[in-house]
Amino acid sequence: GDSVTQMEGPVTLSEEAFLTINCTYTATGYPSLFWYVQYPGEGLQLLLKATKADDKGSNKGFEATYRKETTSFHLEKGSVQVSDSAVYFCALSKLAGNQFYFGTGTSLTVIP
Amino acid sequence: DTGVSQNPRHKITKRGQNVTFRCDPISEHNRLYWYRQTLGQGPEFLTYFQNEAQLEKSRLLSDRFSAERPKGSFSTLEIQRTEQGDSAMYLCASSASGSTDTQYFGPGTRLTVL
């Protein structure tokens, strides 16, 4: 069945370090791919998305490229800030958009 | 656009009691979803409405769970005879049909069953 696998955390980085959170997926057809972020005490917020192969989603300095050949959608940021501390979820949905499949989440802590 | 709202934000109940949660989606969204999230896990799909019709239900949704969306606007999720294993965060999301699938999430209702 359809699923998402993302790297386990927690991840701890110093401010201004480079961030990569790996995400790979298994799906039939052509899913859309998403990264959601959950800040402490808040609901999930859409961070970025890509709807077809080779698309790059970007927002707030974060980027992820939809790689069909490697079935991956890795999240990257060149220089993290303390305010980026949160849990990051990779997700996919089919074109019908009826449900999302989420990864287990990766907790990121950025220290000054 | 005031976002997706959920009430209550927290609910503590005793085992065996019934609980009901409410979700108000973004007003122009005709699709509404319920998810359950346990600690350290991603959200798991429970059920999905398009307008007032419940179109999909997960196998996770036992017969103690029922969801409604009577007028195609707000939705309720009821859990009967709660069990300790029902303790989780219950998330609601909405989206607009014809969009590129983006779902917008509410803040969730945290249920604790004692």
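Residues numbered from 1 in each chain as written. Chains lettered and ligands numbered in written order. Predicted model: local features only at pLDDT ≥ 70, side-chain atom pairs only at ≥ 80, totals over all residues. Heavy atoms only, no water.

Q: Got a minute to help me understand the overall build of chain A in this structure?
A: From N to C terminus, chain A includes zero helices and 12 strands. The helix and strand sequence of chain A, counted from the amino end, reads β-β-β-β-β-β-β-β-β-β-β-β. In terms of C-alpha radius of gyration, chain A reaches 13 Å, essentially the compact-globule figure of 13 Å for 112 residues. For chain A, the spread of C-alpha atoms along the three principal axes comes to 45 × 25 × 20 Å. Burial statistics for chain A: of 112 residues in total, 46% are counted as buried. Taking the intrachain contacts of chain A between residues at least 6 apart in sequence as the baseline, contacts between residues at least 24 apart amount to 55%. Carbon and sulfur atoms make up 50% of the accessible area of chain A, which totals about 5,100 Å². Here chain A holds 8 positive side-chain charges and 11 negative ones, and the gap between their average locations is 9 Å. (Helix = DSSP H or I, 4+ residues; strand = E, 2+ residues; numbered from the N terminus. Rg over C-alpha atoms; globule rule 2.2 N^0.38 Å. Buried < 20%, exposed > 50% of the residue type's maximum accessible area, 1.4 Å probe, protein only. Contact = heavy atoms within 4.5 Å. Areas by Shrake-Rupley, 256 points an atom, 1.4 Å probe, with all protein chains shown as cover. Lys, Arg positive; Asp, Glu negative; His and termini not counted. Charge placed at Lys NZ, Arg CZ, Asp CG, Glu CD.)

Q: Teacher, can you tell me more about the pattern of salt bridges here?
A: Any two side chains of opposite charge can pair, on the condition that their charged atoms come close. All names here are of chain B. Going through the model one piece at a time under the given rule, you end up with six salt bridges over all chains. Aspartate 24 is the partner of arginine 22 in a salt bridge, and the nearest nitrogen-oxygen pair spans 2.7 Å. The salt bridge involving glutamate 83 is made with arginine 64; its shortest N-O contact spans 3.4 Å. Of this pair, glutamate 83 sits in the loop between strand E8 (75-79) and strand E9 (88-95) while arginine 64 is found in the loop between strand E6 (53-57) and strand E7 (65-68), placing the two residues 19 residues apart along the sequence. Through salt bridges that share partners, Arg64, Glu83 and Asp86 make up one connected network. (Salt bridge = Lys/Arg side-chain N within 4 Å of Asp/Glu carboxyl O.)

Q: What is the right way to look at the interface of chain B and chain A in this model?
A: By a widely used convention, the size of an interface equals the accessible area lost when the partners come together. With 20 residues of chain B at the contact, the number on the chain A side is 22 residues. Taken together, the two surfaces of chain B and chain A that pack against each other cover about 1,600 Å², and 47% of this comes from carbon and sulfur. Linking chain B to chain A there are zero salt bridges. Along the contact surface separating chain B from chain A lie four residue pairs in polar contact (both at pLDDT 80 or more). Those elements that place two or more of their residues in the side of chain B that touches chain A are strand E4 (31-37) and strand E5 (44-50) of chain B. Of all the elements, E4(B) adds the most residues to the side of chain B that touches chain A, at four residues. Across the side of chain B that touches chain A, the residue classes break down as eight nonpolar, eight polar and four charged. (Buried area = accessible area lost by both parts, 1.4 Å probe. Polar contact = N/O pair within 3.5 Å; in protein donor to acceptor, adjacent residues only side chain to side chain. Nonpolar A, V, L, I, M, F, W, Y, C, P; charged D, E, K, R; others polar.)

Q: What's the story with the environment of A:Gln6 in this structure? I'm lost.
A: All names here are of chain A. Assignment of secondary structure puts glutamine 6 in strand E1 (residues 3-6). Excluding residues within four positions of it along the chain, glutamine 6 makes contact with Ile21, Asn22, Cys23, Trp35, Tyr88, Phe89, Cys90, Gly103, Thr104, Gly105 and Thr106. A distance of 3.0 Å separates a polar side-chain atom of glutamine 6 from the backbone nitrogen of cysteine 90. A distance of 3.2 Å separates a polar side-chain atom of glutamine 6 from the backbone nitrogen of glycine 105.

Q: Just checking my understanding: could you explain the state of the cysteines for this structure?
A: What we call a disulfide is simply a covalent bond connecting the sulfur atoms of a pair of cysteines. What the rule picks out here adds up to two disulfides over all chains. Put simply, A:Cys23 and A:Cys90 are joined by a disulfide, and their sulfur atoms are 1.9 Å apart. Where A:Cys23 bonds to A:Cys90 through sulfur, the torsion about that S-S bond is close to -70 degrees, and the disulfide is left-handed. Separated by 67 residues along the polypeptide, A:Cys23 in strand E4 (residues 23-26) and A:Cys90 in strand E10 (residues 86-93) bring together distant segments of the chain. The disulfide partner of B:Cys23 is B:Cys92, and the gap between their sulfur atoms is 1.8 Å. Taking the sign of the S-S torsion, -65 degrees for the link of B:Cys23 and B:Cys92, the bridge is left-handed. Taken as a pair, B:Cys23 in strand E3 (residues 19-24) and B:Cys92 in strand E9 lie far apart in primary sequence, 69 residues in all. For the pair shown, B:Cys23 and B:Cys92 are each scored as buried. (Disulfide = S-S within 2.5 Å.)

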